[in-house]
Amino acid sequence: MLSRQEYWLWFCNIEELDSSRREELLRVFGSPEAVFRAGDAELAALRLTERQRNGIRRKDREKAAAALGEVLRRKGIRFVSREDEEYPERLRHIYHPPCGLFVKGRLPGEDAPAIGIVGARTCSAYGRELARYFAAELSKRGFSIISGLAAGIDSAAHAGALQAGGYTAAVLGCGTDRCYPKENLRLYLNIEEAGGLISEYPPGVPPYRGNFPARNRIIAGLSDGILIPEARERSGSLITASLALEGGKDIFAVPGRLGDVLSGGCNRLIRAGAALVMTPEDIVQEYDRFFADKQTTPDGGEKFYNNLLETREKIVYAKLGLTPKHIDELGRECKMPFSELVQLLLVLELKGYVRQTGANYYIACPDRLLTRG
Amino acid sequence: MFSKAYGAAVTGIEASIVRAEADISDGLPAFEMVGYLASEVRETRERVRIALKNSGWRLPPKRITVNLSPADIRKEGTAYDLAVAAAILAAFEMIPGTLLSSSLFAGEVSLNGAVNPVRGILPIVCEAKRQGFLLCLIPEANAAEGAIVRGIEVVGIRTLKEMVSILKGGRYEIARPASAPGEDSGTDQWMEEAGDFAEISGQQAAKRAAEIAAAGMHNLLLIGPPGTGKTMLASRIPSILPGLTQEESFDVTKVYSVAGRLKEGMPLITRRPFLAPHHTITAQAMAGGGKRPMPGIISLAHRGVLFLDELPEFRREALELLRQPMEEGHVTIARTYGICRYPADFLLLAAMNPCPCGYYPDRTRCGCTSGQIARYQGRISGPLLDRIDLSVELSGVNYRELAAEGTGNESSAVIRARVERARAIQAERFGNSIVRFNSRMSQGQIARYCAVGQEEKELLEHAFTRFGLSMRAYYRILKTARTIADLEGSGEIRTRHISEALCFRVTDESGRREGMPC
């Protein structure tokens, strides 16, 4: 005899079923327990394949459910079913909400606005810096940052939120006990500690390709708005955006130059009606309702750079933007001897105004740059 | 009757004197050779016996025993033939033994009595001079090489008959070196071949890094997309290095002599070696070795430049074994018959693309994933990167630079003058110490020569924490800053020198990764 919770766990663990199949079973039988007790004849009445029926009627299913519970305890993963109070309210309203979530760390808070930041995996330094900057600024203002732990934009968004000391959730396309891609291990561990790792897949499930579109629907579902700093015209991020749009969420896109392959998706979204975003404030003001009773003024006043930079430093700084520039190019534009330029760049770097993206390539740090106007 | 003649054995690039002792006894006619001989030395017996016969000496039917002493070092190569022939002839009293005690023989004989060239003549003649020999009889083909050594008579011989005539007191002609050491006859010409820095447009940062590398012998890593001129720059670096001094020239020539790589008519190496092995090179070809050990590429690059293009494509073992030479300036090879040591003090120049396709960070052209990039860059191990002081990323050249080609670019000669000045300061600084360049300074020397003021200390401290430098990186930056100050002729290291050193610092793989530090 299983507990209510264990029936849900069993139900979520039937790998033969996809979310629409699960939805149908629940509609017909009412609860996982009823599915569990359903006889062959009752199941046969549904349009299930033999494989799916066998998945449900497996002999060792009781034992397997108990074993899974044990695995979860050992790995420190919580299971939150749709019936639980803890289950995110935002997810209840999406198309095919996951029956249960496997969680390491915390779920996003219900009364904080949540922004999903997604975009290209092979992004440019520009996109990366923007993702990080927006994530950090929104975090500081109390937003949760939702993303998918992929390389590129996703990683930058998570890292930005963590840097600002905010909450960030990574929705995975594999079990929460796996880190994919594995070079994000450090990020993965930090998110577990300061945020949450969320998946609808039980532990041990590998990152199958087919899992990722389903993962995107959860990212869209958990967010109140989706921000896309950089995406190609044909990109998974646009799928996330359209899922979010169907769910009535806001879409924000950062504009790019025409002909810039990596901004093609963003520009297209803007033409289709997405909000064009230039500063984090553009997003914040859309969510005033969350801060009705709170003071929202950020710790602003970052316009002090004029007081802090020397004239020569300003000459160099003024030539830098969010696109990496090689030191030779800077030298030509500033008409400065190499040894002086090097010195000024180091000072700017140490003061936090510029950053090297690769050896000898420099960009202006967005937090200073976007507030300098 | 007993007699002896002197030859020499080469281990590493040093020679040691070997005595060929011959004894004639009564008994069944026989010819025995002993003394820890490799098979090619054992064959000396047949070569010498028949060569003597074909040169007109009939050996009486006696029991001949030859011993190569000291008998506990392994004898390899064919250079003992002449010494053995001389010892035997003297033992039969066919030639007077008067000159034998002050002469040294090295050369291989043919069955018809001709004398063929051998490897390692230069170290052999050097050792002969050191040991007080007065005359060296060596193959004619090696004569120009041996004649480089002053203070000893070197005679090139073509046949056994010539040798005998000299030993009988006949006239002989002392070989002349093709070009006297110190006169850098061929230098200008090859400089032209190598190309000039004036031909490189733009790339200010990379050219500056090359200058610093040349001045302090700092190893340099060039990173950049295909076609930006990494190879062009690297191949011109010898043109800004100071010419070889006579002593250096000798060191290099010894290695080439042992390797049998001296070209005819070029007995003394006067230009700095520039070696650019292909990335498929094996570890053994790189380090040297083999059953009969031979100097590898890194030793042939001694006192010169070793250029490794496409660094991540090299085999890991081939790269890993660079660590010892880069630290100690020589490579030690252990073989069954003993250990030999070859010098390998070179300037390492390495070039690589930033990613497998080559165009990162230009995302409009590069579609490599961050994992691919990390893996590509990760092929170069941390310990190897730890031994590289400078790295510079080359930018794509734009049309404006291309159009300005040839105007206002500094020529190699101008840069070389600055490098030579910095070298002179270093020579004065290190005096008689074995360390000769800033890049090779020990901890103690860094503390002594790289003292910095308060302002500089604060900058270093700030940068240290901000960039998360390791202790090793910190010292590399100090050493590089010292060279930059030397280039300027400044006695003290200033913030501008440190800034520049920091600009060219080597960032390790994790620092260059696309993924965020978090």
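Residues numbered from 1 in each chain as written. Chains lettered and ligands numbered in written order. Predicted model: local features only at pLDDT ≥ 70, side-chain atom pairs only at ≥ 80, totals over all residues. Heavy atoms only, no water.

### Side note on the overall build of chain B
Here's step 1: When you go through chain B residue by residue, the secondary structure sums to 23 helices and 18 strands.
Here's step 2: Along the first, second and third principal axes, the C-alpha atoms of chain B reach 90 × 45 × 45 Å.
Here's step 3: Per-residue burial for chain B yields a buried fraction of 55% across its 518 residues.
Here's step 4: Contacts spanning at least 24 positions in sequence make up 73% of the contacts within chain B whose residues lie at least 6 apart.
Here's step 5: Approximately 21,800 Å² of chain B is accessible, and the part contributed by carbon and sulfur atoms is 49%. (Helix = DSSP H or I, 4+ residues; strand = E, 2+ residues; numbered from the N terminus. Buried < 20%, exposed > 50% of the residue type's maximum accessible area, 1.4 Å probe, protein only. Contact = heavy atoms within 4.5 Å. Areas by Shrake-Rupley, 256 points an atom, 1.4 Å probe, with all protein chains shown as cover.)

### Observations concerning the nonpolar core
Here's step 1: Of all hydrophobic cores here, the largest spans 102 residues; its most connected members are Ile 283 of chain A together with Leu 220 of chain B.
Here's step 2: Structurally, this core is a two-domain feature, drawing no fewer than three residues from each of domain 2 (114-167 + 214-291) and domain 3 (301-369) of chain A.
Here's step 3: Beyond its immediate stretch of four places on either side in the chain, Ile 283 of chain A contacts Ile 115, Phe 134, Leu 138, Phe 143, Leu 227, Phe 252 and Val 277 of chain A.
Here's step 4: The next biggest cluster of nonpolar side chains, apart from the first, holds 44 residues, and it includes Phe 31, Ala 87, Ile 95 and Ile 157 of chain B. (Core = buried A, V, L, I, M, F, W, Y, C linked by side-chain atoms within 4.5 Å. Domains from an automatic or database assignment.)

### Examining unusual backbone geometry
Note on backbone geometry: most residues besides glycine have negative phi, and most peptide bonds are trans.
Here's step 1: Here the residue pair Tyr 180 of chain A and Pro 181 of chain A is connected by a cis peptide bond, since its omega of -5 degrees sits within 30 degrees of zero.
Here's step 2: Looking at where Pro 181 of chain A falls in the secondary structure, it is placed in the loop between β5 (168-171) and α10 (185-194).
Here's step 3: Residue Pro 70 of chain B is bonded to the preceding Ser 69 of chain B through a cis peptide linkage, with omega at 0 degrees.
Here's step 4: Mapped onto the elements of the fold, Pro 70 of chain B is located in the loop between β4 (63-69) and α3 (81-91).
Here's step 5: Even without glycine at this site, His 96 of chain A takes up a positive phi of about 55 degrees.
Here's step 6: Within the element layout of this structure, His 96 of chain A appears in the loop between α7 (89-92) and β2 (100-105).
Here's step 7: Its identity as a non-glycine residue notwithstanding, Glu 310 of chain B has a phi of 60 degrees, on the positive side.
Here's step 8: With respect to the secondary-structure elements, Glu 310 of chain B resides in the loop between β14 (305-308) and α13 (316-320).
Here's step 9: Judged by relative accessible area, Glu 310 of chain B falls into the partly exposed class, the value being 26%.

### Brief notes about the packing of aromatic side chains
Here's step 1: By the definition in use, this model includes 17 aromatic pairs over all chains.
Here's step 2: Relative to Phe 212 of chain A, the ring of Tyr 180 of chain A lies with its centre 6.1 Å away and its plane at 50 degrees, an arrangement referred to as tilted. Here Phe 212 of chain A lies in helix α11 (residues 211-222) and Tyr 180 of chain A lies in the loop between β5 and α10, a separation of 32 residues in the sequence.
Here's step 3: Classification of Tyr 180 of chain A as partly exposed rests on a relative accessible area of 42%.
Here's step 4: Here the aromatic rings of Tyr 317 of chain A and Tyr 353 of chain A are separated by 5.3 Å at their centres, their planes lie at 75 degrees, and the arrangement is edge-to-face. Here Tyr 317 of chain A is found in helix α16 (residues 311-318), whereas its partner Tyr 353 of chain A is found in the loop between α18 (338-351) and β11 (354-358), with 36 residues between them in sequence. Considered together, Tyr 317 of chain A and Tyr 353 of chain A belong to a single accessibility category, that of buried residues.
Here's step 5: The aromatic ring of Phe 467 of chain B is capped on one face by Arg 505 of chain B, whose charged end is 3.9 Å from the ring centroid. (Phe/Tyr/Trp six-rings, centres within 6.5 Å; stacked < 30°, edge-to-face > 60°. Lys NZ or Arg CZ within 6 Å of the ring centre and 35° of its normal.)

### Topic: the domain arrangement of chain A
Residue and element names in this part refer to chain A.
Here's step 1: Parsing chain A into structural domains produces domain 1 (1-75), domain 2 (114-167 + 214-291) and domain 3 (301-369).
Here's step 2: Look at where the C-alpha atoms of domain 2 and domain 3 centre, and you get two points 27 Å apart.
Here's step 3: Contacts between domain 2 and domain 3 engage eight residues on the former and seven residues on the latter.
Here's step 4: Taking both sides of the interface into account, the surface hidden between domain 2 and domain 3 amounts to around 670 Å²; carbon and sulfur atoms contribute 62%.
Here's step 5: By the criterion of area lost to domain 3, the three top residues of domain 2 are Tyr 126, Glu 129 and Tyr 133, representing 59% of everything that side buries.
Here's step 6: Our count for the contact surface shared by domain 2 and domain 3 stands at one salt bridge.
Here's step 7: One salt bridge in this structure joins Glu 129 and Arg 355, with 2.2 Å as the shortest N-O distance.
Here's step 8: Where domain 2 meets domain 3, there are one residue pair in polar contact (both at pLDDT 80 or more).
Here's step 9: Tallied by class, the residues present in the side of domain 2 that touches domain 3 amount to four nonpolar, no polar and four charged. (Buried area = accessible area lost by both parts, 1.4 Å probe. Salt bridge = Lys/Arg side-chain N within 4 Å of Asp/Glu carboxyl O. Polar contact = N/O pair within 3.5 Å; in protein donor to acceptor, adjacent residues only side chain to side chain. Nonpolar A, V, L, I, M, F, W, Y, C, P; charged D, E, K, R; others polar.)

### As for the interface of chain A and chain B
Here's step 1: At the interface, 36 residues of chain A touch 40 residues of chain B.
Here's step 2: Both faces considered, chain A and chain B share a buried interface measuring about 3,300 Å² in area, 57% of it formed by carbon and sulfur atoms.
Here's step 3: When the buried surface of chain A facing chain B is broken down by residue, Phe 338, Leu 346 and Leu 350 of chain A rank first, second and third, together holding 17% of it.
Here's step 4: Taken together, chain A and chain B are joined by zero salt bridges.
Here's step 5: Mapped onto the side of chain A that touches chain B, the elements with two or more residues apiece are α8 (125-140), α9 (153-163), α10, α17 (327-334), α18, β11 and β12 (361-364) of chain A.
Here's step 6: By residue class, the composition of the side of chain A that touches chain B is 14 nonpolar, twelve polar and ten charged.

### Quick word on the sheet that holds strand β10 (residues 325-326) of chain A
Residues and elements named next belong to chain A.
Here's step 1: With antiparallel pairing, three strands are arranged side by side in an open sheet as β10-β12-β11. Whereas interior strands pair on both sides, the edge strands pair on one side only; in this sheet they are β10 and β11.
Here's step 2: Bridge count for β11 against β12 is four bridges, and the pairing is antiparallel. Paired with Gly 358 across the two strands is Tyr 361, which belongs to β12. (Pairing = 2+ DSSP bridges.)

### Digging into the environment of Gly 151 of chain B
Here's step 1: Within the secondary structure, Gly 151 of chain B sits in the loop between α5 (143-146) and β9 (153-157).
Here's step 2: The spacing of Gly 151 of chain B and His 279 of chain B is 128 residues in sequence and 43 Å in space, taken between C-alpha atoms.

### Things to note about the pattern of salt bridges
Should their charged atoms come close, side chains of opposite charge can pair.
All names here are of chain B.
Here's step 1: Under the counting rule described, the total for this entry stands at 48 salt bridges over all chains.
Here's step 2: Note that Arg 303 is salt-bridged to Asp 251, the shortest N-O span being 3.4 Å. Linking Arg 303 in the loop between α12 (297-300) and β14 with Asp 251 in helix α10 (residues 246-259), this pair joins segments that are 52 residues apart in sequence.
Here's step 3: For Arg 303, a relative accessible area of 14% corresponds to the buried category.
Here's step 4: Note that Asp 486 and Arg 482 form a salt bridge whose closest N and O atoms lie 3.0 Å from each other.

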